[in-house]
Amino acid sequence: MDFMSENVYIDAGFQHLCESVFVRLCQIVGTSVQVAIRRETKDMVEMVNRRVEDNDDVISMLSGSRREGFRLEGSDVDFMYWPNNHRVICDMSQSEHYYTENKTLILSDNSESPPGFALLELLTPTTYRKVQSACVPMNDRLYISSSVYRQQTQSHDFPGSIAHGPCESGEVPGGIEYDLAHCFACDFWPRSASSWINRCHSWPDREVVNEIVRNGCHFVPIGHPLGLHEHEEWRISFSLAEHKLVHSMNHCQFLTYGLLKIFLKEVIDKQSEETNKLLCSYHMKTVIFWIIQQNAVPLWCPQNLLASFWVCFKLLLKWVYEGVCPNFFIPENNLFLSKVHGSAQRKLFLELHGLYEKGLACLLQSPSIKSYITNVLYNPRLSINANEDRMISECDHDKELFNEIDRNISYYRQNLDHCIKYLHTIELMIGEPLTQYQVLMLQRSTATILWSTAFSLNNMYTNTCLNKQMYFADRMPCHMLKLTAKFGCISDMMYIAMFYCKTFRYREALYITEMIKVKLAQPGLMYNGHVDPERYTEAVGGQSWSTKMRRAVAYDIELDAHTCYINELTLEQQSAIQNNRMITTIHVPLFVVLHFVEFLCYRHIDTTLAQTALEELQVLVHSDQGLYVLYHLRDISWEILGICQQMTGNLQAALYSYQQSLTQFPLNKIQNATQMRIQDLHIT
């Protein structure tokens, strides 16, 4: 059957319809500016991290749709982790590129595996316990079992997490699903994918191809269900390459990809229970990669968007009919082989063919798109402004930018050397060619590293009495914290107040908290992305992003568990570390920290005002509906309220608060501390 020969007739009315859907997709998927913000801020943090994390034990990388620039409702947050001192090589000659004293080498062997899969032979000794435990002997050699390694690396950080393919999957409050994959990195492009390089005549361009090949690939712990060694095999992952390919798309291509994902979720998956989830978003990505590379669409533009979508849909239909979905990098790897076959394949084909016979009217089954089609059909003269520059307001643009910066600002600093390395790296990057979004990202990063360094210095020298060391413990951190206020946002000022409180300068701390309260009380505040657009524009509209960030933007507080910020939270920080999490960071609502610091300081100055601060904290924790105390941060919020109540001698109230903390989602992993505090109350 030839599904690829039909052409969609394009006239002025059809172009008008395409423009309407283009506008809608810009609202759902994002304008080119919004997508650029998401990608460039993430690129910035990865550029810094790559230069700093040379000696880190484990490397992490955001992957999947969020890394590509999507923020679709319900889309997963995907992370890949791999041990930095382990590398996969494709043949023995590549071993000469490594100093084996500090690198464990693993050999990829695909001689007995299906295309796209391989066995991993351990060549040199490893000290990584999880790798040692996953080794199995085969043919007098030692191989790393994918199934055992997958079990070894599952952290079960959050309740309800399950194994899903090569990943550990689960959901955190707010409906955000996550996939965590522990894998191995390979600095070389696999030979089985060499044909892809030769196919790249028109897309992507040679520079992108070279960068993709230079970055190599990964091996994720999942075998082919029809392979001889399913439980030992590893799948070759081209996540890095896919990011580069998606980033090299123009915006219409990216929106078409987005429309395919929406069509899958809202139309294809709703056809029947039997075929639900047979197709996945990776199949949609594979479709559009092939369509772009084969030049199957002559012109990617807003006026041709639906025609582009239809070409992609017809290729998908052809693949389902044939039962073959060729992997973009290794075409011999049929992505349908163990999933889309037999009666399920026939059923899926009939459903897709039914949609095909409806023509583009099948998009009317998509709740997200339907009204933007019907509005044009019923009102052919409806005015549509497909100019992206006018689709997004100044406030929404700023909200996107500041939210992405805050999401990507998490550097995990465990010692002073790390902080200094970050500062030096940022200093070197200042003179490099950066985009306007990356400059702001670097500015906020500088603020974060400055307050991190300030606390690291103080913690390092706080128990000494030598004059020179006391200078580093006090005056140098104070100088850094003042710079933090110049570079960062409102919430970064909170670290100054915490530092003054920690060093017994209670009046100075309260002076800072009063300044913060004034800033937080202004009507144009953007807090955790919540903002009144009109008042925000009145307050800071037209000003530089740097000025807006300092005057009108605030987020919650991040505390590295290895660094002491507030003595009274030491127990909670120890609990986070004891839980053996890869990311030992405690997140606390800004307003909770504000009242906490005021309470701690006023206890030494005015007990009446200390009680007032406690009452304000209590009202906030008891009454807030997720605006100032996000639901997934309620564990630490109830905990801090309990600490304050216990300090005032109100043990019954403290017990209730600690019990409430235990019932919340355990994002911060402080349950051990909470149980110890409850036990302490009973002893008292």
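To start, this report covers the structure provided alongside it.

What counts and what doesn't
- Residues numbered from 1 in each chain as written.
- Predicted model: local features only at pLDDT ≥ 70, side-chain atom pairs only at ≥ 80, totals over all residues.
- Heavy atoms only, no water.
- Salt bridge = Lys/Arg side-chain N within 4 Å of Asp/Glu carboxyl O.
- Helix = DSSP H or I, 4+ residues; strand = E, 2+ residues; numbered from the N terminus.
- Buried < 20%, exposed > 50% of the residue type's maximum accessible area, 1.4 Å probe, protein only.
- Polar contact = N/O pair within 3.5 Å; in protein donor to acceptor, adjacent residues only side chain to side chain.
- Contact = heavy atoms within 4.5 Å.
- Phe/Tyr/Trp six-rings, centres within 6.5 Å; stacked < 30°, edge-to-face > 60°.
- Pairing = 2+ DSSP bridges.
- Axes fitted to C-alpha atoms, helices over the stretch in contact; angles between N-to-C directions.
- 1 Å grid on protein atoms, 1.4 Å probe; cavity = no way out; pocket = protein on both sides within 12 Å on 5 of 7 lines; lining within 4 Å.
- Points joined across faces, edges and corners; volume = space filled by probe spheres on them.
- Nonpolar A, V, L, I, M, F, W, Y, C, P; charged D, E, K, R; others polar.
- Arc of directions from axis to C-beta.
- Parallel < 35°, antiparallel > 145°, perpendicular 65-115°, else oblique.
- Left-handed = near helix turned anticlockwise from the far one by under 90°.
- Core = buried A, V, L, I, M, F, W, Y, C linked by side-chain atoms within 4.5 Å.

### What about the pattern of salt bridges?
Part 1 of the reasoning: Under the counting rule described, the total for this entry stands at 24 salt bridges.
Part 2 of the reasoning: Ionic pairing is found between glutamate 322 and lysine 318, a salt bridge with its closest N-O pair at 3.2 Å. Taken together, the residues glutamate 322 and lysine 318, both in helix α11 (residues 305-322) and 4 residues apart, mark about one turn of the helix.
Part 3 of the reasoning: For the salt bridge of lysine 517 with glutamate 598, the shortest nitrogen-to-oxygen distance reads 3.1 Å. Note that lysine 517 is positioned in helix α19 (residues 506-521) and glutamate 598 in helix α23 (residues 590-602), a separation of 81 residues in sequence.
Part 4 of the reasoning: Salt bridges sharing partners connect three or more residues here, namely Asp43, Glu46 and Arg67.

### Some details on the side chain of threonine 124
Part 1 of the reasoning: As for its position among the elements, threonine 124 is in the loop between β5 (117-122) and α4 (129-133).
Part 2 of the reasoning: Here threonine 124 falls in the buried class, since its relative accessible area comes to 17%.
Part 3 of the reasoning: Within the local environment of threonine 124, its side chain forms a polar contact with the backbone nitrogen of leucine 105, the two atoms lying 2.8 Å apart.
Part 4 of the reasoning: Contact partners of threonine 124, with chain neighbours within four places excluded, come to Thr100, Lys103, Thr104 and Leu105.

### Section: the packing of aromatic side chains
Part 1 of the reasoning: The full count for this structure, using the stated rule, is 34 aromatic pairs.
Part 2 of the reasoning: Judged by centre distance (5.1 Å) and plane angle (85°), the rings of phenylalanine 70 and tyrosine 257 are edge-to-face. Of the two residues, phenylalanine 70 is situated in the loop between α3 (64-68) and β2 (77-83) and tyrosine 257 in helix α9 (residues 251-266); the sequence distance between them amounts to 187 residues.
Part 3 of the reasoning: With relative accessibility at 1%, the residue tyrosine 257 sits in the buried group.
Part 4 of the reasoning: When the ring of tryptophan 196 is compared with that of phenylalanine 329, the centres are 5.5 Å apart and the planes differ by 50°; the resulting orientation is tilted. Here tryptophan 196, found in helix α6 (residues 194-199), pairs with phenylalanine 329, found in the loop between α11 and α12 (342-358); they are 133 residues apart in sequence, far enough to count as distant.
Part 5 of the reasoning: Members of the aromatic cluster, each reached through a chain of ring pairs, are Trp189, Trp196, Trp203, Phe238, Phe289, Trp290, Phe328 and Phe329.

### Some details on the sheet that holds strand β10 (residues 176-182)
Part 1 of the reasoning: A sheet is described by the order of its strands in space; here 5 strands give the open sequence β1-β2-β10-β9-β8, paired in mixed fashion. With partners counted over all chains shown, the strands left at the sheet margins are β1 (58-63) and β8 (162-164), one partner each. Direction aside, neighbouring strands of the sheet carry axes that sit 30° apart on average.
Part 2 of the reasoning: Relative to β2, β1 runs antiparallel, the two being bridged by 6 bridges. Of the residues in β2, the one forming a bridge with serine 60 is tyrosine 81.

### Overview of empty space enclosed by the protein
Rolled over the atoms, a probe sized like a water molecule indicates the empty space that remains.
Part 1 of the reasoning: Enumeration over the complete set of coordinates arrives at 3 cavities of 30 Å³ or more.
Part 2 of the reasoning: Here the largest cavity defines a volume of roughly 50 Å³.
Part 3 of the reasoning: Elements represented by at least two residues in the lining of the largest cavity include exactly α26 (651-663) and α27 (671-683).
Part 4 of the reasoning: Along the lines of polarity and charge, the residues of the lining of the largest cavity split into 3 nonpolar, 4 polar and 1 charged.

### Let's talk about helix α22 (residues 570-578)
Residues lying three or four places apart along an α-helix face the same way, a consequence of the helix completing one turn every 3.6 residues.
Part 1 of the reasoning: Of the residues making up α22, those classed as buried are Glu572, Gln573, Ser575 and Ala576. Seen end-on, α22 carries its buried residues on one side only, within an arc spanning 155°.
Part 2 of the reasoning: Along its buried surface, α22 packs onto β16 (557-560), β17 (585-588), α25 (634-647) and α27.

### Some thoughts on the packing of helix α18 (residues 494-502) against α23
Part 1 of the reasoning: Where α18 meets α23, the axes come as close as 10 Å, and the angle between the chain directions of the two elements is 25°. As summarised for this structure, α18 and α23 are arranged roughly parallel, according to the angle between their axes. The crossing of α18 and α23 is left-handed. When α18 is examined against α23, the residues Met494, Ala497, Met498 and Cys501 are found in contact with a partner set consisting of Leu590, Val593, Leu594, Val597, Leu600 and Cys601.
Part 2 of the reasoning: Considered class by class, the residues forming the contact of α18 with α23 number 10 nonpolar, no polar and no charged.

### Re the nonpolar core
Part 1 of the reasoning: Of all hydrophobic cores here, the largest spans 101 residues; its most connected members are Ile144, Leu279, Leu306 and Phe329.
Part 2 of the reasoning: Contact partners of leucine 306, with chain neighbours within four places excluded, come to Phe14, Leu17, Cys18, Val21, Leu259, Leu360 and Leu363.
Part 3 of the reasoning: Counting 68 residues, the second-largest nonpolar core is a separate cluster that includes Ala454, Ile557, Ile586 and Phe596.

### Focus on the packing of α11 against α12
Part 1 of the reasoning: Orientation of α11 relative to α12, taken along the N-to-C sense of each, is 155°, at an axis distance of 9 Å. Classed by the angle they form, the pair α11 and α12 counts as roughly antiparallel. In terms of crossing hand, the pair formed by α11 and α12 is left-handed. Along the contact surface, α11 presents Trp310, Phe313, Lys314, Leu317, Val320, Tyr321 and Glu322, while α12 presents Gln345, Leu348, Phe349, Leu352, His353, Leu355 and Tyr356.
Part 2 of the reasoning: Taken together, the residues that form the contact of α11 with α12 break down as 10 nonpolar, 2 polar and 2 charged.

### As for the pairing of β5
Two faces belong to every sheet, and in a regular strand the side chains alternate between them.
Part 1 of the reasoning: Of all 6 residues in β5, 6 are buried, a share of seventy percent or more.
Part 2 of the reasoning: Neither face of β5 is open: one carries Phe117, Leu119 and Glu121, the other Ala118, Leu120 and Leu122, and all of them are buried.
Part 3 of the reasoning: Where strand β4 (residues 104-109) and β5 come together, 4 bridges link them in antiparallel fashion. When the bridges of β5 are listed, leucine 107 appears paired with glutamate 121.
Part 4 of the reasoning: Relative to strand β13 (residues 234-237), β5 is paired through 2 bridges, and the arrangement is antiparallel. When the bridges of β13 are listed, phenylalanine 117 appears paired with arginine 235.

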